[in-house]
Amino acid sequence: MPKLSLLADSDSGFSLKITGAAATDFGLNDPDYESRNFVFDTTARASFAILQEAYVQYTDNKQKALIGREELTTPMIDADDWYMLSNSFELAYYRNNTLNNTMVMAGYFHKMAGVWDSGANGTEFHSMSDASFVSNTDKANVDNGGVTFAAVQYNNNRHNLQVWEYYATDLYNMLFAQYDFKSKLGSISYDLGAQFINWKEVGKYAGASPVKRIDYSLLSARFDGAFDNGIDFATGISKYTNGQGQGDTLGAWGGYPYFANGMIFHFFEAGTLQNAASYKAQLGYNILDGLWIGGRFTHWDLDPSYSISSSTGKGQEYMEMYGVRLRYAGVTGTYFTGTYEFVDLDQQPDISSLRLIGGIKF
């Protein structure tokens, strides 16, 4: 998978960037064993090339304006560079940092590409509505809508409060709010955080059915920390409300800011998540500068009234994930992440996954 970016800067604050990428398996893979191939289009599975980035931007010490294609990262719409190629978006936005410790941002997502996180053919750019996870009937009803967003964040390195509002035209609204308190007590630095996310149908989608198909929230908390001796830990708890729409919204457009998930798998293998709760415990160690190893355990309490096995037709009560990760980031630009995860889902066959990602940036 070759990928190349070219950036042209100027003293005036304007710059241009283009990023091209391609993917091929040289015809070596057997389609019968590619049920979880996250590189190619899920139907054609053909080699492809794509212009992922092509933008012009203006930046100075206090502001940034951009228009074009970019691999942007926000909480709920994200480049998500974990499945071979990042998501990329056709967009425009403006960000301002004039106020002390405060960021204000607003913009519009028009289209996206990304095989793993797009509900359309991710090897090409499609409208944000087509790339959503709602049904094809609903996508046709909303006429290639985009996503308007605005955000405000206050961060003084001790208190970090951020609020993001995303309005997907004629589909649904996402409200994301998170607060983190960071401090140090003796030899431990810690992060105590709380998060609230709400999804609610709007416009044509809301009017298409008298029954609310998207209307639920996710509440989460975490306590993460690191000791001076190199040992670190992370804990998290998340609770879904009993509203509808998780399958139509979770993970759409690459956003995975959730506090209590696995290392590779998240909610994907679970059944319906109404009333579900998840718990995460992770322990890691910095073996040396840039080299980290850690393990994570995640448990899901599923409601068997909603989560039904596709294998047995019976209700599911739990899902557990066991993950181990080795990560390296070298000063020369060399990086590597190796992750193994095992999934035990009630009333379903066990799942295991090994993911190795590495490269050199120069």
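The rules behind these values
- Residues numbered from 1 in each chain as written.
- Predicted model: local features only at pLDDT ≥ 70, side-chain atom pairs only at ≥ 80, totals over all residues.
- Heavy atoms only, no water.
- Helix = DSSP H or I, 4+ residues; strand = E, 2+ residues; numbered from the N terminus.
- Rg over C-alpha atoms; globule rule 2.2 N^0.38 Å.
- Buried < 20%, exposed > 50% of the residue type's maximum accessible area, 1.4 Å probe, protein only.
- Areas by Shrake-Rupley, 256 points an atom, 1.4 Å probe, with all protein chains shown as cover.
- Lys, Arg positive; Asp, Glu negative; His and termini not counted.
- Charge placed at Lys NZ, Arg CZ, Asp CG, Glu CD.
- Phe/Tyr/Trp six-rings, centres within 6.5 Å; stacked < 30°, edge-to-face > 60°.
- Contact = heavy atoms within 4.5 Å.
- Polar contact = N/O pair within 3.5 Å; in protein donor to acceptor, adjacent residues only side chain to side chain.
- Salt bridge = Lys/Arg side-chain N within 4 Å of Asp/Glu carboxyl O.
- Pairing = 2+ DSSP bridges.

Participant: Looking at this structure, I do not really get the overall build of the protein. What am I missing?
Facilitator: In terms of helices and strands, the protein carries three helices and 18 strands. For 362 residues, the compact-globule estimate of 2.2 N^0.38 gives 21 Å, and the C-alpha radius of gyration of the protein, at 21 Å, lies within 12% of that figure. Overall size of the protein, expressed as C-alpha extent along the three principal axes, is 65 × 55 × 50 Å. A burial count over the protein gives 48% of its 362 residues as buried. Just so you have it, the protein exposes about 17600 Å², and 57% of that area is on carbon and sulfur atoms. Looking at charge distribution, the protein has the averaged site of its 26 positive side-chain charges lying 5 Å from that of its 40 negative ones.

Participant: Can you help me understand the packing of aromatic side chains in this one?
Facilitator: Within a pair of aromatic rings, the relevant descriptors are the distance that separates the centres and the angle that separates the planes. The final tally for this structure, using the stated rule, is 18 aromatic pairs. Between Phe149 and Tyr166, the ring centres sit 6.3 Å apart and the planes meet at 25°, which makes this aromatic pair stacked. Of this pair, Phe149 sits in strand 8 (residues 147-155) while Tyr166 sits in strand 9 (residues 159-168), and the two are 17 residues apart along the sequence. Of the two residues, Phe149 and Tyr166, both sit in the buried class. For the ring pair Tyr256 and Phe267, a centre distance of 6.4 Å and an interplane angle of 20° mean the geometry is stacked. Of the two residues, Tyr256 sits in the loop between helix 3 (246-249) and strand 14 (277-288) while Phe267 sits in the loop between helix 3 and strand 14, which places them eleven residues apart along the sequence. In terms of burial, Tyr256 and Phe267 fall into one category: buried.

Participant: Can you walk me through the environment of Lys64 in this structure?
Facilitator: Looking at the element boundaries, Lys64 is found in strand 4 (residues 63-70). In this structure Lys64 comes out as buried when scored by relative accessible area, which is 13%. Not counting the four nearest positions on each side in its chain, Lys64 is found in contact with Gln57, Tyr58, Thr59, Glu70, Tyr93, Tyr94 and Arg95. Looking at Lys64, its side chain comes within polar contact range of the side chain of Tyr93, at 3.2 Å.

Participant: Looking at this structure, I do not really get the side chain of Gln162. What am I missing?
Facilitator: Examined against the element boundaries, Gln162 turns out to sit in strand 9. Given the relative accessible area of 11%, Gln162 is considered buried. At a separation of 3.0 Å, a polar atom in the side chain of Gln162 contacts the side chain of Trp164. Not counting residues within four places of it along the chain, the set of residues in contact with Gln162 comprises Pro75, Val152, Gln153, Phe176, Ala177 and Gln178.

Participant: How do you make sense of the environment of Ala46 when you look at a structure like this?
Facilitator: If you trace the backbone, Ala46 turns up in the loop between strand 2 (14-23) and strand 3 (48-59). You can call Ala46 partly exposed: its relative accessible area is 39%. Taking the C-alpha atoms as reference points, Ala46 and Thr123, separated by 77 residues in sequence, lie 9.6 Å from one another.

Participant: Before we go on, may I ask you to explain the pattern of salt bridges in this structure?
Facilitator: Any two side chains of opposite charge can pair, on the condition that their charged atoms come close. Across all of its chains, the model carries nine salt bridges by this definition. When the shortest N-O distance is used, the salt bridge between Lys3 and Glu71 registers 3.0 Å. Within this pair, whereas Lys3 is found in strand 1 (residues 3-9), its partner Glu71 is found in the loop between strand 4 and strand 5 (88-96), the two being separated by 68 residues in sequence. A salt bridge links Lys64 to Glu70, with the nearest nitrogen and oxygen atoms 3.7 Å apart. In this structure, a network of salt bridges that share partners links the residues Asp180, Asp191 and Arg222.

Participant: Got a minute to help me understand unusual backbone geometry in this structure?
Facilitator: Residues other than glycine predominantly adopt negative phi, and peptide bonds predominantly adopt the trans conformation. Its identity is not glycine, yet Phe26 carries a phi of approximately 60°, on the positive side. Locating Phe26 in the fold gives a position in the loop between strand 2 and strand 3. For Asn275, which is not a glycine, the phi torsion comes out positive at approximately 65°. Positionally, Asn275 belongs in the loop between helix 3 and strand 14. When its relative accessible area of 26% is taken as the criterion, Asn275 is described as partly exposed.

Participant: Can you walk me through the pairing of strand 13 (residues 231-240) in this structure?
Facilitator: Looking along a regular strand, one sees side chains alternate from face to face of the sheet. Of the pairings in the sheet, the one linking strand 12 (residues 215-227) to strand 13 comprises nine bridges and is antiparallel in character. Bridging across to strand 13, Ala221 finds its partner in Ile237. Once strand 12 ends, the chain turns through three residues before running back antiparallel as strand 13, passing Gly230 with a positive phi of about 100°. One ladder, built from nine bridges, connects strand 13 with strand 14; its direction is antiparallel. The partner of Thr235 across the bridge, within strand 14, is Ala281.

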